[in-house]
Amino acid sequence: MNPMKEHRTNNEDAKETNGKPGTRRDRPKAKPRMQRGQTIMRDKTIKRIIYGGDYNPNQWPREIWKEDMRIFKDAHINSATVNVFSWAKIQPSEECYRFEELDDIIEMLSRENYDIVLATSTGALPAWMAKRYPEVERTDWDGKHKKYGERHNACPNSPIFQKYSARLAGKLAERYGSNPHVKCWHISNEYGGICYCERCEKAFRVWLREKYGTLENLNKAWNTEFWGHTFYDWDEIVVPNALGEGLWNGGTAFAGISIDYNRFNSDGMLKNYMAERDAIRRFDKDALITTNLMGTYKGLDYFKWAKEMDVVSWDHYPSYNTPWSYSAMCHDLMRGLKDQPFMLMEQTPSQQNWQPYNSLKKPGQMRMQSYQTIAHGADSIQFFQLRRSVGGCEKFHGAVIGHAGTEDTRVFREVQELGGELEQLSDAVLGSRNEAEVGIVFDWDNYWGLEYTSGPTVDLKYVDQIHTYYEYFYKNNIPVDMVPYDADFSRYKMIVAPVLYMVKAGMKEALEAFVQNGGVLITTYMSGIVDQSDNVYLGGYPGPLRKLSGIWVEEIDALAPEQSNGVHFADGSSSSCNLVCERIHLEGAECLGTYETDFYAGEPAVTRNSFGKGTVYYIGTQLAQEGREHLLEMICRDAGVQSLVEVPTGLEVVCRQKDNKKLYFLLNFQKEPIAVPKQFWGYEDLLTGKSITGEAVLKQYGVSIVATDAS
Ligand code: GLA
Ligand code: ZN
């Protein structure tokens, strides 16, 4: 079948019924666009930077739809994400499905040549389902079972939810999968949260049996001899919420069971995702399938999820005081999940509503934020939302069209300007990649393990620790890949693994091989402590990393917020330090800096060890920014890690490259104007089409995209 022909047929359909609002609901159900089992190859390649976002025409009368199409065209919007929360509309009762309205929406967008991102709507349950099958709702930490309300509310182990969510996804794909404009499927919405219901409890026991085989193995893994919690029957195992091993502060008495429960919950939701994905694939072999992730969201092991996704997409909502380095890190993490460009599924054109203080984005800020996103690997810019809703808790959330209903607004003009620019940039950007010599390890098991740990300090937060190191590379415009624990380290000159608390099977060997072959490894306090079940490696910290780092950590001191120590470096410089101070013995490593005070004054705080052809740096305390930068500068120099700029600059500089072209994104996040570095003079700025001169200066929120030949 010729896709274009079929597309035309759809248009004709739409024309026929145009101008007859009100009659469509009563029409007999339209025939599915495609027959069961029929496979049609479509060219669903995305050929432009997708620019659009969440669009809910279902919340509006039809006159508004027309107006939307006119206004969006003006803003160069070429995509819409539809059907995100329409389950109750499409399936008003258990027996009945109604697609008329969605048919019309899809037809309208197809006619306008949109790249449609079609959501499956399973992120919020219909009320009838919760009433008839209370099991579809979740049970919370305190053991309360939700009656009905909110969203992201389905129990992942409810057979009813599993059945109806996959069925809906399949029906949507059967109906719309053959439409060549449907370029991407968006399953559910922001998977997250956790359920502790009895069904989950039973499913957890099955998951545990598969993982451990015997109770003996499980008891050993969770060290249940502690407090005499030995299990003699699988049915004795209960979920680790407040009615189980959960502590008053959200912590746990047994990290083993709680980490496993996180893994189980992440796997359970992933299974929900995969069931919908597989249902879609039966009918649509070509479109990309994704779900929108949330950066460093703790609840789900995104590296595991990414393996099942065609493309990673995510929602970026920095608050007024989020450092830009943090945003950059999240983008790099999202790119790192698949080591591929990603989609920016949501950002607000200006204002937030759910943060404590929802400042406006300043003029130019949204544009610059969007370019930062693209610079770090995004191939799309999508907004939540295209039109601001009338009611509900998001009525104050920013949108391309606000409550005034007009395009005569600052926000609209900024969206429009960016849309025009992106249209011109598609060819240069799509297909290009980010390259890095430095990998920073990010690992969800570590995240869970470190933060469940009781002691040595409550202030040790996983993501903050990673960001602390990321920030140095960011400031110095040294590209970084965020990598999983089992990445191919040999691609990098340097691996940074801060607070590598949990060393999982295979990691010791992989790190040793990396360093042996000439790699430089940086690791820190609280590393090499436990195995995958949170049991300590006996024989001295940092356990499996002890030989590699050439040190033994005898004790870990915790410093309260008002306390600090200092580190005196061999080159005469010094830095204050805080949080934790590890007492280190040298076992082959050399000492680079010693503590200045306390009973361990004069003992090593920072060390370097040669191992094979490479080097391991161990940082035993949280150095103040100055000291950290001083040390990392020295390490980067030794490792031969290159910055993208020849001379330091306050601009953020990021590079994507393809074929023999490099695209440099120059971004000014500072208040003061900054001169464009000399190395870019004479090259074309793709945004202006002009050559960069020696006078070029970027004001706050100013952007240049410079194309150079790769060298
Ligand atoms: C999330 C959701 C959207 C919307 C936005 C608001 O990202 O996916 O549906 O609620 O937040 O910021
Ligand atoms: Zn449940």
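The shown structure was predicted, so the numbers you read here are calculated from the model rather than taken from an experiment.

### Structural notes on the nonpolar core
At step 1: Counting residues in each nonpolar core, the largest one holds 152 residues, and the members touching the most others are Tyr55, Leu109, Leu337, Tyr371, Phe442, Phe473 and Met494.
At step 2: Among the nonpolar cores identified, the runner-up in size contains 22 residues, and Cys200, Leu215, Ile257 and Phe264 belong to it.

### Structural notes on the confidence of the model for the chain
At step 1: Taken over all residues, the pLDDT of the chain has a mean of 94, while the share at 70 or more is 94%.
At step 2: Overall, residues 1–39 carries pLDDT values under 50, and its contacts beyond four positions in sequence, including any with other chains, amount to 51 contacts.

### Thoughts on the coordination of the zinc ion (ligand 2)
At step 1: The zinc ion (ligand 2) binds to the protein through Cys155 (SG), Cys195 (SG), Cys197 (SG) and Cys200 (SG); the donor distances cover 2.2 to 2.3 Å.
At step 2: Classification of the site at the zinc ion (ligand 2) rests on its 4 donor atoms, whose angles at the metal span 100 to 117 degrees, yielding the label tetrahedral.
At step 3: A relative accessible area of 0% means that cysteine 195 is categorised as buried.

### Some details on the sheet that holds strand β4 (residues 182–186)
At step 1: Spatially, β2-β3-β4-β5 is the arrangement adopted by the 4 strands of the open sheet, whose pairing is parallel. Lying at the two open borders of the sheet, with one neighbouring strand each, are β2 (79–82) and β5 (288–290). Neighbour-to-neighbour, the strand axes of the sheet open up by a mean angle of 20 degrees, direction not taken into account.
At step 2: One ladder, built from 4 bridges, connects strand β3 (residues 115–119) with β4; its direction is parallel. If you follow valine 117 over to β4, its bridge partner there is cysteine 184.
At step 3: Where helix α9 (residues 255–281) meets the sheet, its contacts fall on β4 and β5, and the angle it forms with β5 comes to roughly 160 degrees.

### Observations regarding the packing of helix α11 (residues 324–338) against helix α12 (residues 365–375)
At step 1: Where α11 meets α12, the closest approach of the two axes is 10 Å, and the angle between their N-to-C directions is 40 degrees. Considered as vectors, α11 and α12 are oriented oblique to each other. Viewed along their axes, α11 and α12 form a crossing whose handedness is right-handed. Contact residues: α11 offers Trp324, Ser327, Ala328 and His331, while α12 offers Gln365, Gln369, Gln372 and Thr373.

What counts and what doesn't
- Throughout, a residue's number is its position along its own chain's written sequence, starting from 1.
- Lettering for chains starts from A, numbering for ligands starts from 1, and both go in the order in which the items are written.
- For a predicted model such as this one, the threshold for reporting local features is a pLDDT of at least 70, and the threshold for listing and counting side-chain atom pairs is 80 or more; totals across whole chains, interfaces and linings nevertheless cover every residue.
- Remark: hydrogens and water are excluded; side-chain values derive from all non-hydrogen atoms of the structure.
- Here, the term nonpolar core denotes a set of buried Ala, Val, Leu, Ile, Met, Phe, Trp, Tyr and Cys residues that are joined through side-chain atoms within 4.5 Å.
- The classification of residues rests on relative accessible area computed with a 1.4 Å probe and restricted to protein chains. Under 20% of the type maximum is buried, over 50% is exposed, and intermediate values are partly exposed.
- On a range of 0 to 100, pLDDT expresses the predictor's confidence in each residue.
- When checking whether two residues touch, look at their non-hydrogen atoms; a contact exists if any pair is within 4.5 Å.
- Listed donor atoms are N, O and S within 2.8 Å of the metal (Na, K and Ca: 3.2 Å). As water is not included, a site may look incomplete.
- In these descriptions, tetrahedral denotes four donors with every angle between 85 and 135 degrees, square planar four donors and octahedral six donors with opposite donors over 155 degrees apart and the rest between 65 and 115, and irregular any other case.
- Strands were regarded as paired on the criterion that DSSP finds at least two bridges between them.
- What counts as a helix is a DSSP run of H or I of at least four residues, what counts as a strand is a run of E of at least two, and both are numbered from the N terminus.
- Helix axes use the C-alpha atoms of the stretch in contact, all axes being lines fitted to C-alpha atoms, and the angles between their N-to-C directions lie in the range 0 to 180 degrees.
- In these notes the angle categories are as follows: under 35 degrees is roughly parallel, over 145 is roughly antiparallel, 65 to 115 is roughly perpendicular, and the rest is oblique.
- Take the far helix as the reference: if the near one is turned anticlockwise from it by less than a right angle, the crossing is left-handed, and if turned clockwise, right-handed.

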